[in-house]
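# Residue-level structure breakdown
What follows is the residue order along each chain.
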Amino acid sequence: MTRPTVEVADLLRSQGDRFLEQNPWLSFQQLTVLRAISRCRTAALGGHIDTCSKCGQQAISYNSCRNRHCPKCQAQARQRWLEAREKELLGVKYFHVVFTLPHELNALCRRNARILYDLLFSASAAAMLELATNPKWLGARIGFISILHTWGQNLLLHPHVHCVVPAGGFSIDHKRWIRPKYTFFLPVDALSAVFRAKFAEGLRNAYRDGKLHFPGSLSELRKPKRFAAFVDALFKQKWVVYAKPAFGRPSQVLKYLGRYTHRVAISNHRLLAFDGERVTFRWKDYAHGNKQRKMTLTAAEFLRRYVDHILPRGFVRIRHFGFLTNNRRSALLVLARKLLAVPPPSPEANSTDAPSISTWRCPYCNGEMRIGPNLSAVQMAYRCRPLDSS
């Protein structure tokens, strides 16, 4: 893949100080993430001196920040996660279900992200598990992976979870594998109603327990009657639940998951231009036939939208439910394969036993670049001189 013309880090290094001055409300976590992205793969994080095994040419490689919000630091984490999930795939079709919060909750999400996103996970999962056990629809104990996304293509706040679900589940006594009765797996209208009810109940409980914060423009919601009216209005809406058709082969599930698991709000490759004040990026307009469009924002507005998608420290954005929960997954996957009469995944060669090899080639002779010892920023300043590694 070619190097992006513009990166989020470029915007931060150019306009970051001004943005911080204009937005003193930023949390410590948001400040930490912005600082990490701006320093990623620069001398500030240290690095190592790589040497060509063929011609002896040396080049400096700077360290990555490895922050999960950084557009440049997700590839290796994604690959490791997908390799682990490959061993867990079953020989069945998979469904994709998406639960979305109404946009009226966006302001509350910004100031109560941990509580509302936890509630989004729990309410959507409870709706899936409850309907699946109903004999009318499936009558089975299912399992699935839920992945939180908080953005739309235009970078505005759009909290939703993607659920990837094996088609079917265990009978109540765990002696049979029950396959879906209908092609749509579970009815989206019923899922929407149950999801809405469970989320509204959780929101009311959080308010009653004093867990919600209402700063600034949200201050009116501190009043019990005003908050009750707000939740009642939400409850009258039809909440969006979308179910995509079943996948084909399990390998297609992995390919699909790779597009969703370790994504950030926007990739550097979607950025088209930055003139020091305004940034232009590419986005897909789902409301009008998935047309590719361009949007230009001031750097300040772009960064304001970007920080909306920085999750609270330690927040888990990929979660497992049902028979795929961590404490049950191994044993129940063995049982599922037995009931489905499918073989276990073939053992893979242990890559950790292979000799360490170079991850890039010498730009002068195409020889293998040997990775040198890691050096701190201070050590780099004393021991290295700038070398062309392009």
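Residues numbered from 1 in each chain as written. Predicted model: local features only at pLDDT ≥ 70, side-chain atom pairs only at ≥ 80, totals over all residues. Heavy atoms only, no water.

Attention shifts here to the pairing of strand β2 (residues 58–62). With five bridges connecting them, strand β1 (residues 47–52) and β2 associate as antiparallel partners. Following the sheet pairing, Ile 49 is matched in β2 by Ile 60. (Pairing = 2+ DSSP bridges. Helix = DSSP H or I, 4+ residues; strand = E, 2+ residues; numbered from the N terminus.)

Our next topic: the confidence of the model for the protein chain. When pLDDT is averaged along the protein chain, the result is 87, and 92% of the positions lie at 70 or above. Mean pLDDT across the elements of the protein chain ranges from a minimum in helix α11 (residues 377–383), with 69, to a maximum in helix α5 (residues 113–133), with 97. This stretch, residues 349–358, has a pLDDT under 50; its non-local contacts, to residues over four places away or in other chains, come to four contacts. (pLDDT = per-residue confidence, 0-100. Contact = heavy atoms within 4.5 Å.)

A separate point is the packing of helix α6 (residues 188–208) against helix α7 (residues 224–235). One can describe the packing of α6 onto α7 by two numbers: an axis separation of 10 Å at closest approach and a directional angle of 170°. One element, α6, and the other, α7, form an angle in the roughly antiparallel class. Contact residues: Arg 196, Ala 197, Ala 200, Leu 203, Arg 204 and Tyr 207 in α6; Pro 224, Phe 227, Val 231, Asp 232, Leu 234 and Phe 235 in α7. Grouping the amino acids of the contact of α6 with α7 by side-chain chemistry returns nine nonpolar, no polar and three charged. (Axes fitted to C-alpha atoms, helices over the stretch in contact; angles between N-to-C directions. Parallel < 35°, antiparallel > 145°, perpendicular 65-115°, else oblique. Nonpolar A, V, L, I, M, F, W, Y, C, P; charged D, E, K, R; others polar.)

Looking now at the sheet that holds strand β10 (residues 278–285). Spatially, β9-β10-β11 is the arrangement adopted by the three strands of the open sheet, whose pairing is antiparallel. Each of the sheet's edge strands pairs with one partner strand only, and the pair in question is β9 (271–274) and β11 (291–298). Taken pair by pair, the neighbouring strands of this sheet meet at an average axis angle of 25°, ignoring direction. Examined bridge by bridge, β9 and β10 share three bridges and lie antiparallel to one another. Looking at β10, one finds that Ala 273 is bridged to Thr 280. Each of β9 and β10 touches helix α1 (residues 8–22); the most contacted strand, β9, lies at about 25° to it. Along the sheet, helix α9 (residues 299–307) makes contact with β9, β10 and β11, crossing β11 at roughly 110°.

With that settled, consider the packing of α1 against helix α2 (residues 28–39). For the pair α1 and α2, the least separation of the axes is 8 Å and the interaxial angle reads 135°. The orientation of α1 with respect to α2, classified from their angle, is oblique. For α1 against α2, the interelement crossing comes out left-handed. When α1 is examined against α2, the residues Val 8, Ala 9, Leu 12, Arg 13, Phe 19 and Leu 20 are found in contact with a partner set consisting of Leu 31, Leu 34, Ile 37 and Ser 38. (Left-handed = near helix turned anticlockwise from the far one by under 90°.)

Tracing the backbone shows Trp 81 in helix α3 (residues 75–86). Distance in space between the C-alpha atoms of Trp 81 and Leu 257 is 9.9 Å, their sequence separation being 176 residues. Residues contacting Trp 81, with those up to four places away along its chain left out, are Ile 145, Leu 257, Thr 261, His 262, Ile 318 and His 320.

A separate point is helix α10 (residues 329–340). Taking 1.5 Å per residue as the helical rise, α10 with its twelve residues ought to reach 16 Å, and the 16 Å between its terminal C-alpha atoms agrees with that figure. When we look at burial in α10, the residues that qualify are Arg 329, Leu 332, Leu 333, Ala 336, Arg 337 and Leu 340. Projected down its long axis, α10 shows its buried positions confined to an angular sector of 140°, all on one face. In α10, the exposed positions that point more than 90 degrees away from the buried face belong to Ser 330, Ala 331, Val 334 and Lys 338. Positive phi appears at Ala 341, one or two residues downstream of α10, with a value of about 60°. (Expected span 1.5 Å × (residues − 1). Buried < 20%, exposed > 50% of the residue type's maximum accessible area, 1.4 Å probe, protein only. Arc of directions from axis to C-beta.)

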